[in-house]
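# Summary of structural features
So you can see what is in the structure, the chains are spelled out below.
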Amino acid sequence: MRVRLFAAAVTSLLLAPAAAHAQSRAIPTPKSVIGFDPGDDRKLPEWQQVVAYFKALDAASPRVQTRILGKTTLGRPFVAAFFGDSATLANLPKVHETQRRLADPRLATAAERAALEKDGKVVVLVTSSIHSTEVGGILTPLNLAYRLATSEEEDAKSIRRNTVVIMVPSLNPDGVDIVGDWYKASLGKAWEGTQPPVLYHYYTGHDNNRDWYAFTQVETQMVIDSLYNQWHPQIVNDIHQQGGNGTRIFIPPYMDPIEPNIDPILMAGVAQMGKSMTWRLTSQGFVGVANNTSYDAWTPARAYQHYHGAIRILTETASASLASPVTVNFDDLRPGYNVDPKVAGVDFLTKWQGGKWTIGDIVKYQMAASWALLAQAADDRALWLASYGEVQKHSVEGKLAVGRSDWPATIVIPAQPARDTAVNFALRILQRGQVEIRKAGTQFTAGGKTYPAGSYLINTAQPYGGFAKTLLEEQHYPDLHEYPGGPPKRPYDVVAHTLPLLFGFDVAFIPDAVTVSATPLAPVSMTPWVANGLTDNKARRIAIYQNFNASMDEGWTRWVFDQYKIPFTVITAKDVRAGNLGARFDAIVLPDQQARAIATGPAGVYPDSLKGGLAEPGAAAFGAFVDGGGTLVTFNEASNYAIDALKLPVTNVLAGVRNTDFYAPGSLLKVEFDRNNPLLAGYTAPEQAVWFEGSPAFDITDATKATAVARYPATGNPLLSGWLLGAPKLAGKAAMVDVRRGKGHVILFGFRPQYRAQTMATYPLLWNALKGVPSITP
C-alpha cells in the first residue's frame, strides 16, 4: 500500500508569511478564470481551471491561503484552501497549536483550556466533489470561496473572525476530468448527461467515500495526514448529491441507528447544526428540505470525524443529469425512510411542487446550506469549542466517562508472527488514526491469559481510543424493520468493520488496565505485500474483466493486484467475445457484479462502441477457455453469471428469496473451510470468516464435478459481526466451490475475497486460485 506523509505541505502552510498578501489585487470572480458562472447549464470546469482559480484567490486576497498537498492517483495536484480574516491567516501557527492542545486534554490545565477556548477559532473543514458525477460539488466551492474572500456582509465578517475554513474543492480531482471529459463529449447526443462508462476514481469509483478507516487511497491519506490530523476540525461540511426524484436536499439529523462508540455530544451537535441550517434555509424560501431520512451514522468508513471530535454534516442535494436540466413531475417523487416528498411533516416542512431542476438549483441549495453552516459555527463559536473540549475529555477518561462503564480498559493485539502482514496493516491504520499504541517488552498475564513479549497494547482512555475500539470489536447492528413483521430497514451502507476478522488476526479486550513494561510504538514501516508465486511473475498470464457498466469491485481488484505487484491485463467484452482466450491467459478474474450487467453491459442510451456485454459469444468463449485448461475465478454475484452461462452443476439457494426471509447487508459470517484443500494453502486466520454482501450460497448438484471449499456451519447462527436475518437458509450451504470442467476450473467465490482491499484474511484463497492450484478430486 502506498503511504504518503505530507509534512512538507503542512510545514509550508504553517510558515506561510503574512507578507505574501501585503499588496492585494482585485479579487477574481470564478467566471473570470473558468469562463462561465458556476451553475450555468451544461458547463463544467476542468480541474486545472479550478486549481488556477484557487491560486488566483491566494494571490489576490489576504483572506485566502491555497496549498498543494500532493498528487492524486493519476498525478493531478490536490488542493486545500484556508479562509479567515487576514490577522488569523497571518498567524496560522497559533491556530494550529491551539487546535493541537484542545484535541488532547492532557496537554493543558483547565485554566489553560479555558484560555484557549476563549481565544480559539472554530475550524470548519469543507469537503466536496468526492463523487465526481455529483457535479454541483465542483461548482459550489468556487462560489463559496469567492463569497468568503469578498463579502462584507455581517455574517461573512463573523465567519472570517470566528472560524478558520479549510476548503477541499474536490476530494477526487481525477474524477473532475473523467466526468467532465465524458460529459462535454456527450453534449447534444442521445447519451447527454449519462454516467461515464468507467470508474470516476481510477481504483474505487463511488467507494472512495468508504475509505475513511482503511486509508488505502492517496487522496484519503492526504486529507487525513495534512488536514484532519493537523488541524483537528470541530465541524465538517461534506457536500454531496442524491437521486433526483426525492427531496431537494437532505440535512441531518441522521436516521437511526447511531454507531454506539460515537460521543452523544457529537450527535447532539449534528442535530443542532442540522436543524439550524434547516431553519435558515426555510426562512430564506428554500423548499423540499428533509431531515432524519435515508442516511445514518453507523460506519466509520464514511465518518472519520465522529471518532476524532468533530461533527459531520452531510448534505445531499437532488441531482440533475450531470449539468443538464431535468424535469421532475410532482407525482413522480418517491419517498424515503421517514419522509415522503409529497407530504409535509416534522422532518419535511415544505414541499417542492416539481418542475424543472437545474445545475443552478443544485449550486444554490448547496451554497445556502454551506453558508448556513458557517454562519451558525461563527455565531456559536464558544459553544462549539467548549463542547469539543467535553468530547475530548470523555475520550481520555475512557471507561470512566459517563455511559462507558462497559468499555475495556485495554485492548491487546497479541504477537502472532504467522500473521505479521495483517497485524502490520492494522497497526498502520490505527497509527494513521492517531491511536497511541505500546509494545510489551516482556511476557504478561491479563484477563486470565498470558501474552508474549512483543504484544501490542491500546489503552482506551486516550483521545482516539474509541476509534481503536470501533475498528477492533465486533459489530451488533440492531434488528430494525420498516414495520412489525415487515422487511428489514435497509442501512445506508455495510454494517461490519471488524479489522481482526477482515484481516485475520487475534485481539483481546481486557476490562482492567494492564500493567507491564511497555514502550510507545514508533511509527511502523509497511511490511511488504507479497503473493507467493504471483508477485512480479509475468509468466502467469492473468486477466481482469472490465465492464463498461463499471464495477467498483473491478477497480478494487486492480488496486490490490497493483499493491502486490501482480501483473495483469484488463480485458473488455469485445476481447472476450473474440474468443481464443487460452492463447493469451491462464486465469481470468470476473469481479463482483450482477449477472445481468455482465451479460448485457451498460443499460440505457450509450454509444454503439460501448453497448453489449458478454452475451452468448462471451459465454461460449469462457466455456472454451475453461475446457482448454484455463481457470475462471468469479467473485460474489459474478458467480451467478458463471453458473448460468457455463451451465455449471451448482445452484444459488438464495436466488429469489425475499428480504423478509433472508438479509445480510455487508456482514462477516463464519464458514468452515476444508483445510486439506490446496486452495487453503497459506490461510492463517484464527477465525474462519468471509465477507457477505448480496452474496450467493451454493448447493452442488453433481459432486463428481464440483468440490465445496468452504461451507457455512450446519447448525447455529454464522453471524460474527454485522446483521443477519434468516440464518437457517445458510445452514450447510457452500460458500466457495471449485468446479472442474474439461481441463480447467471455475472457482466460485460466494463472497468478495478482496472486499474494498480489506479482507486480507481471504487473499491466500485468491492467490491459490490464480496460480491454478487444483482442489482435491472427490
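Attention in this report is confined to the structure presented alongside it. Bear in mind the structure is a predicted one, so any value in this text is a computation, not a measurement.

## What about the overall build of the protein chain?
Along the protein chain, the regular secondary structure elements total 22 helices and 30 strands. Taken against the 2.2 N^0.38 rule, which gives 28 Å for 778 residues, the C-alpha radius of gyration of the protein chain at 27 Å falls within 12% of a compact globule. C-alpha extents for the protein chain along the principal axes are approximately 80 × 70 × 55 Å. Sequence-distant contacts in the protein chain: of pairs separated by 6 or more residues, those separated by 24 or more amount to 80%. For the protein chain, the accessible area works out to roughly 27,500 Å², and carbon and sulfur atoms hold 52% of it. With 72 positive and 69 negative side-chain charges, the protein chain shows a spacing of 4 Å between the two charge centroids.

## A look at the sheet that holds strand E16 (residues 508-510)
Hydrogen bonds between backbone atoms are what pair the strands of a sheet, whose relative direction is either parallel or antiparallel. Taken in spatial order, the five strands line up as E16-E11-E15-E12-E17 in an open sheet, and their pairing is antiparallel. Taken across any chain shown, the strands that pair with only one partner, and hence form the sheet edges, are E16 and strand E17 (518-520). Sheet twist, expressed as the mean angle between neighbouring strand axes with direction ignored, is 30°. Examined bridge by bridge, strand E11 (residues 410-413) and E16 share three bridges and lie antiparallel to one another. The residue bridging Val412 from the neighbouring strand is Ala508, located in E16. Here helix H15 (residues 465-472) sits on the sheet and contacts E11, strand E15 (456-459) and E16; the angle it forms with E11, its principal contact strand, is near 50°.

## Things to note about the pairing of strand E29 (residues 734-741)
Counted residue by residue, E29 has seven buried out of eight residues, so it is predominantly covered. The pairing of strand E27 (residues 706-711) with E29 spans five bridges and is classified as antiparallel. From the neighbouring strand, Ala710 faces E29, where its bridge partner is Met736. Where E29 lies against strand E30 (residues 744-749), six bridges are found, and the strand directions are antiparallel. Bridging from a neighbouring strand, Val739 pairs with Val746 of E30. Hairpin remark: E29 followed by E30, antiparallel, with two residues in the connecting loop; positive phi at Gly742, about 55°.

## Some words on empty space enclosed by the protein
Take a probe with the size of a water molecule and roll it over the atoms, and the empty space left behind shows itself. One pass over the structure, following the stated rule, counts eight cavities of 30 Å³ or more. Size it by volume and the largest cavity reaches roughly 120 Å³. Around the largest cavity sit 18 residues that line it, and Asn261, His306, Tyr307, Ser395 and Arg404 are the ones nearest its centre. The space that makes up the second largest cavity amounts to roughly 70 Å³.

## A closer look at the side chain of His131
As for its placement among the helices and strands, His131 is situated in the loop between strand E3 (122-128) and helix H7 (136-150). Taking relative accessible area as the criterion, His131 reaches 2% and is therefore assigned buried. Among the polar contacts listed, one links the side chain of His131 to the side chain of Asn208, at a separation of 3.4 Å. Here His131 is in contact with Tyr200, His206, Asn208, Asn209, Arg210 and His240, once residues within four sequence places are set aside.

## Some remarks on helix H9 (residues 173-186)
The first and last C-alpha atoms of H9 sit 20 Å apart over 14 residues, in line with the 20 Å expected at 1.5 Å per residue. Summarising burial for H9: eleven of the 14 residues are buried, a large majority. Listed in full, the buried residues belonging to H9 are Pro173, Asp174, Gly175, Val176, Asp177, Ile178, Val179, Gly180, Trp182, Tyr183 and Ser186. With its phi angle positive at about 80°, Gly188 sits one or two positions after the end of H9.

## Things to note about the nonpolar core
Phe54, Phe83, Leu227, Phe503, Phe561, Trp767 and Leu770 are the most contacted members of the largest nonpolar core, which has 193 residues in total. With 13 residues, helix H12 (residues 359-379) is the largest single contributor of residues to this core. If we skip the residues at most four places from it in the chain, Phe54 touches Thr66, Val79, Ala81, Phe83, Pro141, Leu142, Ala145, Met167 and Pro169. Residues Leu590, Tyr641, Leu646 and Leu648 belong to the second largest nonpolar core, which totals 32 residues.

## Quick look at the environment of Ala619
Here Ala619 shows up in helix H20 (residues 615-627). Residue class for Ala619 comes out buried when judged on its relative accessible area of 10%. Here the alpha-carbon distance between Ala619 and Ala642, two residues 23 residues apart in the chain, equals 8.2 Å.

## Looking at the pattern of salt bridges
In this structure the tally under the stated criterion is 32 salt bridges. Residue Glu192 pairs with Arg42 through a salt bridge whose shortest N-O separation is 2.7 Å. In this pair, Glu192 is assigned in the loop between H9 and helix H10 (218-231) and Arg42 in the loop between helix H2 (30-34) and helix H3 (47-60), connecting sequence segments 150 residues apart. When salt bridges that share partners are traced, they join Asp207, Arg210, Asp493 and Arg756 into one network.

## What about the packing of helix H11 (residues 264-283) against helix H13 (residues 381-397)?
The N-to-C vectors of H11 and H13 enclose an angle of 155°; their axes lie 10 Å apart at closest approach. One finds that H11 runs roughly antiparallel with respect to H13. Between H11, through Ile265, Leu266, Gly269, Gln272 and Met273, and H13, the contact on the second element is made entirely by Trp384, Ser387, Glu390, Val391 and His394. Its residues assigned to classes, the contact of H11 with H13 shows five nonpolar, four polar and one charged.

## Some words on the sheet that holds strand E6 (residues 249-250)
A sheet is described by the order of its strands in space; here eight strands give the open sequence E1-E2-E4-E3-E5-E8-E6-E7, paired in mixed fashion. Each having just a single partner strand, strand E1 (64-71) and strand E7 (289-290) make up the two edges of the open sheet. Bridge analysis of E1 against strand E2 (residues 77-83) gives seven bridges, and the strand direction is antiparallel. Pairing of Gly70 across the sheet is with Phe78, part of E2.

## Structural notes on helix H22 (residues 763-771)
Within H22, eight of the nine residues are buried, which leaves it mostly tucked inside the rest of the structure. Where H22 is concerned, the buried positions are Tyr763, Pro764, Leu765, Leu766, Trp767, Asn768, Ala769 and Leu770. Phi for Gly772, located one or two positions after H22, is positive at around 85°.

## Considerations on the pairing of strand E21 (residues 631-635)
Regular strands place their side chains on alternate faces of the sheet. The buried count for E21 comes to five of five residues, which makes it a mostly enclosed element. Summarising the sheet, strand E20 (residues 587-590) and E21 pair through four bridges and their orientation is parallel. Within the sheet, the bridge partner assigned to Val589 lies in E21 and is Val633. Pairing geometry for E21 and E30, over five bridges, is parallel. Its bridge partner lying in E30, Val633 is registered against Ile747.

## Examining the packing of aromatic side chains
A complete count under the given rule lists 36 aromatic pairs for this structure. Residues Tyr564 and Tyr763 carry aromatic rings whose centres are separated by 5.7 Å and whose planes lie at 80° to one another, so their mutual orientation is edge-to-face. Separated by 199 residues along the polypeptide, Tyr564 in the loop between helix H17 (552-563) and strand E19 (569-571) and Tyr763 in helix H22 bring together distant segments of the chain. What makes Tyr564 buried here is its relative accessible area of 4%. The ring of Trp352 has Arg248 lying over it, and the distance from NZ or CZ to the ring centre is 3.8 Å. Across the ring face of Trp357, the terminal group of Arg248 is positioned such that the distance to the ring centre comes to 4.6 Å.

Scoring rules and cut-offs
Residues numbered from 1 in each chain as written. Predicted model: local features only at pLDDT ≥ 70, side-chain atom pairs only at ≥ 80, totals over all residues. Heavy atoms only, no water. Helix = DSSP H or I, 4+ residues; strand = E, 2+ residues; numbered from the N terminus. Rg over C-alpha atoms; globule rule 2.2 N^0.38 Å. Contact = heavy atoms within 4.5 Å. Areas by Shrake-Rupley, 256 points an atom, 1.4 Å probe, with all protein chains shown as cover. Lys, Arg positive; Asp, Glu negative; His and termini not counted. Charge placed at Lys NZ, Arg CZ, Asp CG, Glu CD. Pairing = 2+ DSSP bridges. Axes fitted to C-alpha atoms, helices over the stretch in contact; angles between N-to-C directions. Buried < 20%, exposed > 50% of the residue type's maximum accessible area, 1.4 Å probe, protein only. 1 Å grid on protein atoms, 1.4 Å probe; cavity = no way out; pocket = protein on both sides within 12 Å on 5 of 7 lines; lining within 4 Å. Points joined across faces, edges and corners; volume = space filled by probe spheres on them. Polar contact = N/O pair within 3.5 Å; in protein donor to acceptor, adjacent residues only side chain to side chain. Expected span 1.5 Å × (residues − 1). Core = buried A, V, L, I, M, F, W, Y, C linked by side-chain atoms within 4.5 Å. Salt bridge = Lys/Arg side-chain N within 4 Å of Asp/Glu carboxyl O. Parallel < 35°, antiparallel > 145°, perpendicular 65-115°, else oblique. Nonpolar A, V, L, I, M, F, W, Y, C, P; charged D, E, K, R; others polar. Phe/Tyr/Trp six-rings, centres within 6.5 Å; stacked < 30°, edge-to-face > 60°. Lys NZ or Arg CZ within 6 Å of the ring centre and 35° of its normal.

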